[in-house]
Amino acid sequence: MSDYLISEKSLGASVGEVAPQSVEFESLPLDSGQTLAPVTIAYETYGSLNEDRSNAVLICHALSGDAHAAGYHAGDDRPGWWETMIGPRKGFDTERFFVICSNVIGGCKGSTGPISINPATGREYGLDFPVVTVGDMVRAQKLLVEHLGISRLLSVSGGSMGGMQALQWAVSYPEAVASCIPIAATQKHSPMQIAFNEVGRLAIMSDPNWNNGDYYRGDPPDGGLAVARMIGHITYLSDESMHEKFGRRLRDKSSLGYDFTMDFEVESYLRHQGEVFTRRFDANTYLYVTKALDYFDLSAGHGVLEEVFRDLPQDMRFLVIAFSSDWLYPPYQSKELVRALKGNGIDCSYLEMSSSFGHDAFLLENSDLTRMVWHFLEATAHRIGLRFD
Amino acid sequence: MPESEEIEDRRRRDYDFIVETVARGARVLDLGCGAGALLKMLVDRREVRGTGIEIVEDRVYAAVEKELTVHHGDFYEGLGYYPDQSFDYVILSQTLQQAHDTVAVLTEALRVGQFVVASFPNFAHWKPRLHLLFYGRAPVTRTLPYQWYDTPNVHSLSIRDFRIFAREQGIRIVRHFYLNKRGRVRFWPNLRAGYGVFVLERAPAADV
């Protein structure tokens, strides 16, 4: 997902100042058979938990996101990554719901990841960090949710990798999820998605500074990470949005340079995005999280996706959302999901929103998305007997 | 959907008959559900477990705002998502005449649902007949409110056409209602009724 500078005005009310929190657990068993011990989960919460703890909504972040989904950290003028959707009277309405967001394990924003200290060596894990999966990320979130005293989430949602985690939640812990809103997601990574990730990883691993992941005491592989980010960023946009945003406009020159300095606006934009990203993200985390994405396949070991949803409770509800111009996670992937859900008689709404913004559409101000999520959560609350004054 | 259209939607007279037909607590699929006016009536009054399919984005949003379950897309494709006999009723309210491949849609609808409820404007109603006879122009009436160049209707059919079609297709008509603006029409429906509403099921093999 991209970094967007959003004007204050368009954001409406905010949850205001928020503080990052964290909790440590003894250990976490992983899909690989290894165990991560101890494990820290960084998280934030917005709104308040009601008395019977039935109004909790878990938000899951995408590849480059973190636990800071809404509001502002003290002294920071940049809001959380889903400020457009989380807040008072927004899609995830913090006047009604207790919203939780945590950094995934393998991440670099407070949860245990390759940048954390390995208790066995006293040094950063680097590549000694075990490969984690979306299933592992969700298992860690379950520990957090239980720690907060919540036995059933009113909803779990997210875009892109966040949507995959939401789906994983529904399948792994069906009794703990009343509804699920996967946005711009898929039930398994396609060869094209794996291919883009592999190019990104190779860009990082080809950077001499990468040093087999052991770079925390020296210069990090910023060049490789920036290229990985640039490739990723292209896949989050669309042909149309790039035409609109950049056209063939030149950057700081009136004619072509006939050299290999930057000519076009789009080149400058991508380099800037790559460079900014290196200041806030860890290259090893990029490797681990993209690997988790590529391993994601809900139907693995089941044959067909229908089988996966066979045991979902009949009162679980889904709102599946795709964007028309998203070529990275195209609508057909969401429709496959919808078909499998309907095949099992699961209550599932599907929306294909017209947008020219490509995969990134879920991060942008979108009143339709806000409205649809708000109403879907309202309906879900009604079904479980939750009323608001 | 503009508000006026929405109000018109809510008033559509065939709705009351459809609501009366559908059993309490039934599983219902509404093909071309629009902004969900009928489905909402069915949920509120008959406590059905309802789902709609609608292709127009703004109407899908309006239906979700009514707390309905809706699939945004082509209804023929959407029907294909369901296993056999997933519903008690599949509703084609004013949708049949807008489906390109009528046979395929009805076949799919009867695969997915036990009963199909289909309603459509009667092209042989006396008003369109007179319109054609006196003005010599494609009829524009209350039940057929569109100009020939701007109509969602791809088929012009009469009540009689449909009865013949059903027989040929091995579809059994379980119930029927013929309606005009005063209510039910019992005599000369093909001339006097603006709408036909049919409850259909797949005829047992012996009847075909």
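From a predicted model like this one, the values you see are computed outputs, not experimental measurements. (Residues numbered from 1 in each chain as written. Chains lettered and ligands numbered in written order. Predicted model: local features only at pLDDT ≥ 70, side-chain atom pairs only at ≥ 80, totals over all residues.)

1. Digging into the packing of helix H11 (residues 367-383) of chain A against helix H4 (residues 57-65) of chain B
The test is simple: Axes here refer to lines fitted to C-alpha atoms; in helices the fit is confined to the stretch in contact. Angles between the N-to-C directions go from 0 to 180 degrees. Under the DSSP-based scheme used, a helix requires at least four consecutive residues in state H or I and a strand at least two consecutive residues in state E, with every element numbered from the N terminus. Orientation is classified from the angle alone, with under 35 degrees giving roughly parallel, over 145 giving roughly antiparallel, 65 to 115 giving roughly perpendicular, and any other angle giving oblique. Less than a right angle of anticlockwise turn of the near helix away from the far helix marks a crossing as left-handed, whereas a clockwise turn marks it as right-handed. Distance between backbone-placed C-beta atoms decides contact: two residues are in contact if it is within 7 Å.
Packing of H11(A) against H4(B) leaves a shortest axis separation of 9 Å and a crossing angle of 30°. What the angle tells us is that H11(A) and H4(B) run roughly parallel. The element H11(A) and its partner H4(B) pack so that their crossing is left-handed. Here A:Asp368, A:Arg371, A:Met372, A:His375 and A:Phe376 of H11(A) lie close against H4(B), whose contacting residues are B:Tyr61, B:Val64 and B:Glu65.

2. Description of the pairing of strand E14 (residues 347-353) of chain A
Residues and elements named next belong to chain A. For clarity, the cut-off: Put plainly, a residue is buried at 20 or more neighbouring C-beta atoms within 10 Å of its own, exposed at 12 or fewer, and partly exposed in between, counting only other residues' C-beta atoms, which are placed from the backbone. In this analysis, strands are considered paired if DSSP registers two or more bridges between them.
Among the seven residues that make up E14, seven are buried, leaving the element largely enclosed by the rest of the structure. Side chains Asp347, Ser349, Leu351 and Met353 of E14 all project onto a buried face; the interleaved residues Cys348, Tyr350 and Glu352 project onto the opposite face, where all are buried too. One ladder, built from seven bridges, connects strand E13 (residues 317-323) with E14; its direction is parallel. Looking at E14, one finds that Phe323 is bridged to Met353.

3. Describing the domain arrangement of chain A
When the parts of a complex come together, some accessible area is lost, and that lost area is often taken as the interface size. All names here are of chain A. Test applied: Note: domain ranges come from an automatic or database domain assignment. Under the grouping applied here, Gly and all other residues not named as nonpolar or charged are polar, the nonpolar ones being Ala, Val, Leu, Ile, Met, Phe, Trp, Tyr, Cys and Pro and the charged ones Asp, Glu, Lys and Arg.
Domain boundaries in chain A define domain 1 (8-188 + 298-383) and domain 2 (200-290). Computed from C-alpha atoms alone, the centre-to-centre distance between domain 1 and domain 2 is 26 Å. Counting from both sides, the interface comprises 23 residues of domain 1 and, opposite them, 17 residues of domain 2. Here the side of domain 1 that touches domain 2 is built from residues that sort into twelve nonpolar, nine polar and two charged.

4. A word on the interface of chain B and chain A
On the side of chain A, 20 residues touch chain B, which itself brings 15 residues to the contact. Element by element, the count of residues in the side of chain B that touches chain A is highest for H4(B), at five residues. Residue composition of the side of chain B that touches chain A, by class: seven nonpolar, five polar and three charged.

5. Some words on the nonpolar core
This is how it is decided: Nonpolar cores are built from buried Ala, Val, Leu, Ile, Met, Phe, Trp, Tyr and Cys residues. These are joined into a set through C-beta atoms within 7 Å.
A:Val57, A:Ile59, A:Ile86, A:Val99, A:Cys180, B:Ala109 and B:Val116 are the most contacted members of the largest nonpolar core, which totals 164 residues. When residues are assigned to domains, this core turns out to be shared by domain 1 (8-188 + 298-383) and domain 2 (200-290) of chain A, each giving three or more. Setting aside residues up to four positions removed in sequence, B:Ala109 forms contacts with B:Leu31, B:Leu79, B:Val90, B:Leu92 and B:Val116.

6. Examining helix H3 (residues 161-172) of chain A
All names here are of chain A. What counts, and what does not: Here, expected helix span is obtained from the residue count minus one, scaled by 1.5 Å.
Over its twelve residues, H3 runs 16 Å from end to end, which matches the ideal 16 Å to within 8%, given 1.5 Å per residue. Three or more residues of H3 are buried, namely Met161, Gly162, Gly163, Met164, Gln165, Ala166, Leu167, Gln168, Trp169 and Ala170. Buried-residue contacts for H3 involve strand E5 (56-60), helix H2 (134-147), strand E11 (155-159), strand E12 (179-183) and helix H8 (283-295).

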